[in-house]
Amino acid sequence: MKLTALTLPLCLAAALPAAALEDSTWTDLSQALYGDRALQDGADVIAIDAPYRTANDTRTQIAAQVAAPEGLMLGKVTLVLDENPMPVSAVFEMDRPQERFFFDVTMRINGPTPMHVVAETTDGQLFVAEAFVKTSGTGACAAPPGTDVEEALATLGNMAIGIEDTLGGPTSDQLSALSLQQRRLDLDISHPSHSGMQMDQISLLFIPMRYVENVEIDLNGKGYVDMTGSISLSENPRVSLSVPGQTQSVDVTMTDTDGTVTHAHKTLPGY
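Residues numbered from 1 in each chain as written. Predicted model: local features only at pLDDT ≥ 70, side-chain atom pairs only at ≥ 80, totals over all residues. Heavy atoms only, no water.

### A short note on unusual backbone geometry
Worth spelling out the cut-off: Runs of E in the DSSP output that reach at least two residues are strands. Runs of H or I that reach at least four are helices, and both are numbered from the N terminus. Accessibility here uses a 1.4 Å probe with only protein chains present; expressed as a share of the type maximum, an area under 20% marks a residue as buried, one over 50% as exposed, and anything in between as partly exposed.
With a phi close to 50°, Ser 193 is a non-glycine residue in the positive phi region. Tracing the sequence through the fold places Ser 193 in the loop between β10 (182-189) and β11 (212-219). At Asn 236, a residue that is not glycine, the phi angle is positive and equals roughly 45°. Residue Asn 236 is classed as partly exposed on the basis of its relative accessible area of 31%.

Below is the structure:
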């Protein structure tokens, strides 16, 4: 199931004072995404790990550790960068409900923004946590590509899979302790992630939008997590997430907005 990302009209963003924008954007986004469904305080459920200020607006690590309340299971986790042109930045939908889940994704942060992580349990409850990220104000979504466009297309879709035996978490001791029986999967995707807002420095024409639309991750031959992407994904994004400690094999299928489909497989040592 894919979720179409919401785009905040740029003219509206420019017209509103910054303080009003911060107050109104999440209210509008949450209403559009969840309607009248209750968004519960997720302070004891979600621990966000994000920089106070980005060192590189075009490639910023945003991570979160999520642990379902006792007796519940996670079905979906959504990352929202409120002031990005495509706020719904990554959605992780679980083929297998999980008690806990970790993600760490390299993102474009277009400007100073509140951010929200929403966890949805399989019984339909919503939990939300928020943070704020400051930037240098360079406008990452319109920043020129970091690599030659033709060279980037030549390797587009190549993927490398790595597995770590331990999974580190953010500062919450309670949530970090829950990760001890999990491993960390690192997926490096070769993709230019063109936002549609970038200009070719030679032709001075805008480069057509093209980004990683969907990443399907299967473990041991069965579905595990589907990630829906957006233009907020960095160039050559790294997607890291938790996997069960007993994982034996990983299969990944990447589909981008132009319909390109690529695959990667890894069998873990010892299997």
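There's plenty left to go through after this.
### As for the environment of Thr 135
Inspection of the secondary structure puts Thr 135 in the loop between β8 (126-133) and α3 (149-154). With a relative accessible area of 7%, Thr 135 lands in the buried category. Separated by 77 residues in the primary sequence, Thr 135 and Thr 58 have C-alpha atoms spaced 9.9 Å apart.

### Details of the sheet that holds strand β6 (residues 100-107)
How we decide: Two strands pair under a simple rule: DSSP has to find at least two bridges between them. A fitted line through C-alpha atoms serves as each axis, taken over the contacting stretch for helices, and the angle formed by two N-to-C directions is quoted from 0 to 180°.
The strand order β2-β3-β6-β13-β10-β9 describes an open sheet built from six strands, whose pairing is antiparallel. Only two strands of the sheet have a single partner each, and these edge strands are β2 (46-49) and β9 (159-164). For this sheet, the mean inter-axis angle between neighbouring strands, taken without regard to orientation, is 15°. Both β2 and strand β3 (residues 60-67) contribute to a ladder of four bridges, which runs antiparallel. When the sheet's bridge partners are listed, Asp 49 is paired in β3 with Ala 63.

### Observations concerning the confidence of the model for the chain
Applicable threshold: Residue-level confidence of the predictor is summarised by pLDDT, bounded by 0 at the bottom and 100 at the top. Throughout, a contact is declared for two residues whenever any of their heavy atoms are within 4.5 Å.
Mean pLDDT for the chain: 86, with 85% of residues reaching 70 or above. For residues 169-179, every residue scores under 50 in pLDDT, and the model assigns this stretch 18 contacts once sequence neighbours within four places are set aside.

### Examining the nonpolar core
What counts is decided by this rule: Only buried Ala, Val, Leu, Ile, Met, Phe, Trp, Tyr and Cys residues count toward a nonpolar core, and they belong to the same one when joined by side-chain atoms within 4.5 Å.
Membership of the largest hydrophobic core comes to 45 residues, with the highest contact counts inside it found for Leu 79, Phe 92, Phe 101, Phe 103, Val 215 and Leu 241. The next biggest cluster of nonpolar side chains, apart from the first, holds seven residues, and it includes Trp 26, Tyr 34, Val 80 and Val 128.

### Considerations on the side chain of Asp 82
Selection rule: Positive charges come from Lys and Arg alone, negative charges from Asp and Glu alone, with His and the N- and C-terminal ends not counted. The salt bridge definition used is simple: a Lys or Arg side-chain nitrogen within 4 Å of an Asp or Glu carboxyl oxygen.
Tracing the chain through its elements places Asp 82 in the loop between β4 (74-81) and β5 (88-98). One buried charge, Asp 82, has no salt-bridge partner; the nearest side chain with opposite charge is Lys 134, at 16 Å. Setting aside its immediate chain neighbours within four residues, Asp 82 contacts Thr 25, Trp 26, Leu 29, Pro 87, Thr 113, Pro 114, Met 115 and His 116.

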